[in-house]
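Close look at the chain arrangement
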Amino acid sequence: MIPVGLLVLLAVKVFLVGSQTSEQATNPPSSTGEQPPLADGNLSFPWSRLRLPRYIVPLHYHLLLHPNLTTLRFTGSVQIQIDVHNNTNWVVLHSKGLQISKATILDPDLAHVSDQVLPVLHNPSHEQIGIFSPRVLSSGQKYFLYIEFEAELADGFYGFYKSTYRTSEGEIRNLASTHFEPTSARMAFPCFDEPSFKANFSVRIRRSPEYISLSNMPVIKTTPLSGKLFEDQFAPSVTMSTYLVAFIVCDFKSVSATTSSGVKVSIYAAPEKWKQTHYALEVAVKMLDFYEEYFNIRYPLPKQGYINFLSYVLCLVFTLYSSLLFHPLADLIAIPDFQVGAMENWGLTTYRETSLLYEPLTSSISDKLWVTMVIAHELAHQWFGNLVTMDWWNDIWLNEGFARYMEYISVEATYPDLKVEEYLLHTCFAAVGLDSLNSSRPISSPAESTTQIEEMFDTVSYDKGACVLHMLRHFLTEEVFQGGTVRYLRKYSYGNANNQDLWDSLSNTCSEDDFTSGKHCYSSGQASKNAYLFAGEHLNLTAMMNTWTLQKGIPLVTVSRKGPRLLLRQNRFLRTVLPSDPQWAAVQQGFLWHIPLTYKTDTSNTIHRHLMTSPTDSIHIGEEVSWVKVNSDMTGYYVVHYADDGWDVIVKLLRENHTALSYKDRTHLIHNAFQLVTAGHLTLDKALDLIGYLQKEKHIVPLLQGLGYLEVFYHIIEKRDEPVLTQDLGKYILQFFGAVIDQQTWSDSGTVSERRLRSEVLSLACHLEYPPCLERANKLFKDWLHSNGTLNLPTDVAETIFSVGAQDDHGWISLLNLYKISLSEAQKKMILFALATSKDPDKLKRLLAIGLEGKVIRSQDLSYVVWMVARNPKGYDLAWNFVKKNWDSLVEKFQLGSSCIRSMIIGTTGQFSSPEELTEVEHFFESIKEQASQLRATQLALDNMKKNIRWIQRNLETLRNWLNDQVK
């Protein structure tokens, strides 16, 4: 609790600081003096750009909303205090789908600037409105813009939208929830809907007594109204971007606890799922305690950032007179209809039910890890993204890459038994997979239209962003990295930042105003001269990191030996253009990275470091070195190729003494080898020889990495007319990994790693129709059916058991019926997976139809259903034809640039591997050219198919011959 006197002094300080603006105002539409009223027909929209003009800045929103959960409409009003930087007659802001009934402007004395109803012009293509004031709004003055509006609660997953859930008695109940990121706050209220237009928000919500309302801040007053309504008034918010505003009206129940610093944490869910909230509560409390200590910044900072001093004092007085003192809140809520995994709204994070709810009897260890990671991600955003926000969406990686990386740092510290470090490699492998296609993009990329902005939420922003930060952390050391991130968060608190601000914070540079002498802080002018001294090298961090964020792709470091020296060459690593192709030189042109190399040898336990900044380089390692492993533990984001006999040396090492390398190094070698096969740098038989050592492998991560590549090959080949090859590869996998498969138990015993191995291995064994696997799964499924679902299946193998059981009519129908009534979203996801494995095309068509209808299977899960059907050798054509046939309705349902549309495009085309299939997809994309041209995902899909076709052409015969030698 902060004493009253200190609060007032803080308010004065914030007012004085906040009233000074440093924004560079752009030229406003031309201003005029007092004019007679103009008809709308005499006015043209004053602004032609997608980005809003900077001559008006919002300071404080007073928002009133009344969602009616019977009529499924909402009414509202908003009063926005605005600061005018240039004389103008126009206020331009965002609005989408709102029916505006009234717009007025009040001057600083709260007098109307005009007796007329102000004209409101609409520019739907830019989702903007322009409000005309007959009297000039003067530069340096503050005004109040007042707008009344109404709309239907949206269908879908954006803006202020409706959601429903079904009780166990079959009753359908409604709720209203929000999802604004990136550009949908404008669907709920007129606003300046760009991340740099930060402001404070005072929210009031009217509701019926059977509901509760939630928003970013605590309720400070509830007032009864006529008509059996209540109005909840929430405390004024901290300064934040519009996309972080949230409000929900529902009848959910909650469970609460308090962190060590006094933050009240509550988990909300539908009443009958309340018991599934307790694990999330435990995680959220632990995570907030961890982040407060790691960042050395309380959640949230006790700073309100009020610019309007009068409104702050009024709110303060009201709070004191109401005798209500409140703790900071962190509410987490499971929304039944939610397109993405979760959303970091400040103080009210929203989640898919699968991302927040955990039921020990039906949730697997993978489900538990997922819930833990998602909560860690969203709560990391309370600092990275909420407290400090990227200036524009081109740098969304500053939010998402950091939050993704902090998942690993926080979960490793708070839940070491989950072995989360074993998963970071796969995050980086996923990034390499996309980044090695020519259609990839830089981490920081232009994004202006809504579709372009939506597509920024991709593997590059999240996974590559996290892996680049991982590389930087290991290069700078943990102490320097943590200190720099804290400096970044403190310096830009409640503001916006860009790439350069992060590099300056990490390299200890300061502005000229901040300058202090010595090694702790450099001026920006000194940065290139005095920057980070590491390993005997001067490091210009900006120059280094620009090579990772401003150019697309990933480097390939080719290593060869020449006596005592290690020769190095860097190129751009591509899987779609081979070195023998005519266009190879063109796609390599202009690419150069500053690569923080690490390596170890057999002669020392030391991890050596070297910064490679030129196309070629060399390192002295000594004549006595027999082997060298570059990119130790894959802390660096680059692929390594060992030229000449380098891979032979590695193969020999793994066969004779694989534990000389860490499990991460072994996994990295397997990944690199098969990536190099696809890229034309290594033969397939050499990569297959390399994983021959896996029969001696005891660690699950390299074991599953090698098995995973064989499984990928099997899934591609089984969709082709290659029955003998398919059979031989399946036989080899079962033969080679037979001992691992046979030692698995059908239980939930063991460590997290052992449980993960069991789940993966038994799933593949049953897919390959291994008789002992099928027999055990069938027996468990029949026992479960006979118990009417009262028998609890081992959660880690339940999905495999369901998949085997779904192969006959009775099993499939029984699972579909259970899906309809199950209260466990984790179990329902397993059932969907199983239903999609049916070999009956009619059942697969029915499943897709049910998904499109959106009643039994929620629309949010349709893209998952499509993806799972596409994985099925009996369903991949069905899934592709489904997307083509229903394209228009899918885009209407999910929005063009959404993750659901992208996943359906990539998922349905991902295993096409023939020129005929490529032509078919190209023809479809041509038929939707206007939309396809806006999507990066369409080019990614085409690149991926071309990669598959090249792989088949180059490697199918090699695989066939290799298997002939192996399979007895």
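Here is a short report on the structure shown in this document. Everything quoted here is computed from the prediction, not taken from an experiment. (Residues numbered from 1 in each chain as written. Predicted model: local features only at pLDDT ≥ 70, side-chain atom pairs only at ≥ 80, totals over all residues. Heavy atoms only, no water.)

1. Structural notes on the overall build of the chain
When helices and strands are tallied, the chain shows 33 helices and 32 strands. The burial tally for the chain puts 61% of its 968 residues in the buried class. In the chain, the proportion of contacts linking residues at least 24 apart, taken out of those at least 6 apart, comes to 72%. Approximately 37,500 Å² of the chain is accessible, and the part contributed by carbon and sulfur atoms is 51%. (Helix = DSSP H or I, 4+ residues; strand = E, 2+ residues; numbered from the N terminus. Buried < 20%, exposed > 50% of the residue type's maximum accessible area, 1.4 Å probe, protein only. Contact = heavy atoms within 4.5 Å. Areas by Shrake-Rupley, 256 points an atom, 1.4 Å probe, with all protein chains shown as cover.)

2. Describing the packing of aromatic side chains
Scanning all chains against the criterion turns up 49 aromatic pairs. Ring centres 4.9 Å apart and planes at 80 degrees place the aromatic pair phenylalanine 736 and phenylalanine 737 in the edge-to-face group. Classification of phenylalanine 736 as buried rests on a relative accessible area of 12%. Among the aromatic residues, ring-to-ring pairing joins Phe290, Tyr291, Tyr294, Phe295, Tyr299, Trp383, Phe384, Phe402, Tyr405, Phe481, Tyr488 and Tyr492 into one connected group. The ring of tryptophan 392 has arginine 51 sitting right over it, with the charged end atom 3.6 Å from the ring centre. Lying over the aromatic face of tyrosine 423, arginine 756 brings its terminal NZ or CZ to 4.3 Å of the ring centre. (Phe/Tyr/Trp six-rings, centres within 6.5 Å; stacked < 30°, edge-to-face > 60°. Lys NZ or Arg CZ within 6 Å of the ring centre and 35° of its normal.)

3. Focus on the sheet that holds strand 27 (residues 565-572)
Judged by pairing direction, the sheet is mixed, and its four strands sit side by side in the order 30-27-26-32 without closing on themselves. The open sheet is flanked by strand 30 (616-620) and strand 32 (639-642), the only strands paired with a single partner. Put simply, the sheet's adjacent strands are angled 25 degrees from each other on average, direction ignored. Both strand 26 (residues 555-562) and strand 32 contribute to a ladder of four bridges, which runs parallel. Residue valine 559 lies in a different strand from strand 32, and its bridge partner there is tyrosine 642. Helix-sheet contacts for helix 16 (residues 663-678) involve strand 26 and strand 32, and the interaxial angle to strand 32 is about 80 degrees. (Pairing = 2+ DSSP bridges. Axes fitted to C-alpha atoms, helices over the stretch in contact; angles between N-to-C directions.)

4. With respect to the sheet that holds strand 6 (residues 128-137)
Taken together, the three strands give an open sheet; going across it, the order is 3-6-5, and neighbouring strands pair in antiparallel fashion. Taken across any chain shown, the strands that pair with only one partner, and hence form the sheet edges, are strand 3 (88-94) and strand 5 (120-123). For this sheet, the mean angle separating the axes of adjacent strands, direction not counted, is 25 degrees. Bridge count between strand 5 and strand 6: four bridges; the pairing is antiparallel. Within strand 6, the position partnered with asparagine 123 by the bridge is glutamine 128.

5. Quick look at the environment of methionine 406
Along the chain, methionine 406 turns up in helix 6 (residues 397-414). Apart from residues lying up to four places away in sequence, methionine 406 is in contact with Phe290, Tyr291, Tyr294, Phe295 and Ala380.

6. Re the pairing of strand 27
Every second residue of strand 27 is oriented toward a common face, the buried set being Leu566, Leu568, Gln570 and Arg572 and the non-buried set Arg565, Leu567, Arg569 and Asn571. By the bridge criterion, eight bridges tie strand 26 to strand 27 in an arrangement that is antiparallel. If you follow valine 559 over to strand 27, its bridge partner there is leucine 568. Turn length for the strand 26-strand 27 hairpin, with the two strands adjacent in sequence and antiparallel, is two residues, and the turn residue glycine 563 shows positive phi of about 60 degrees. One ladder, built from five bridges, connects strand 27 with strand 30; its direction is antiparallel. Residue pairing in the sheet places leucine 566 in a bridge with isoleucine 619 of strand 30.

7. Quick word on the pattern of salt bridges
Within this structure, the stated rule accounts for 42 salt bridges. The closest approach of N and O atoms between aspartate 232 and arginine 207, which form a salt bridge, is 2.5 Å. On the criterion of sequence distance, the pair formed by aspartate 232 in strand 13 (residues 229-234) and arginine 207 in strand 10 (residues 200-207) is long-range, its members being 25 residues apart. Note on accessibility: aspartate 232 and arginine 207 belong to one class, buried. Between lysine 828 and glutamate 825 there is a salt bridge, with its nearest N and O atoms 3.6 Å apart. Of the two residues, lysine 828 and glutamate 825 both sit in helix 25 (residues 825-835), three residues apart, roughly one turn of that helix. Connected via shared salt-bridge partners are Arg51, Arg54, Glu194 and Glu448. (Salt bridge = Lys/Arg side-chain N within 4 Å of Asp/Glu carboxyl O.)

8. Let's talk about helix 5 (residues 365-381)
If you check helix 5, its first and last C-alpha atoms are 25 Å apart, about what 17 residues at 1.5 Å a residue would give, namely 24 Å. The element helix 5 is extensively covered by neighbouring structure, given that 13 of its 17 residues are classed as buried. A side-chain oxygen of the first residue of helix 5 lies 3.3 Å from the backbone nitrogen of serine 366; this N-cap is serine 364. (Expected span 1.5 Å × (residues − 1). Polar contact = N/O pair within 3.5 Å; in protein donor to acceptor, adjacent residues only side chain to side chain.)

9. Brief notes about the packing of helix 22 (residues 771-786) against helix 24 (residues 809-821)
For the pair helix 22 and helix 24, the least separation of the axes is 12 Å and the interaxial angle reads 55 degrees. Taken together, the axes of helix 22 and helix 24 are oblique relative to one another. Like other packed secondary-structure pairs, helix 22 and helix 24 cross with a definite hand, here left-handed. Residues Phe781, Trp784 and Leu785 of helix 22 form the contact with helix 24, whose participating residues are His810, Gly811, Ser814, Leu815 and Leu818. Its residues placed into classes, the contact of helix 22 with helix 24 shows five nonpolar, three polar and no charged. (Parallel < 35°, antiparallel > 145°, perpendicular 65-115°, else oblique. Left-handed = near helix turned anticlockwise from the far one by under 90°. Nonpolar A, V, L, I, M, F, W, Y, C, P; charged D, E, K, R; others polar.)

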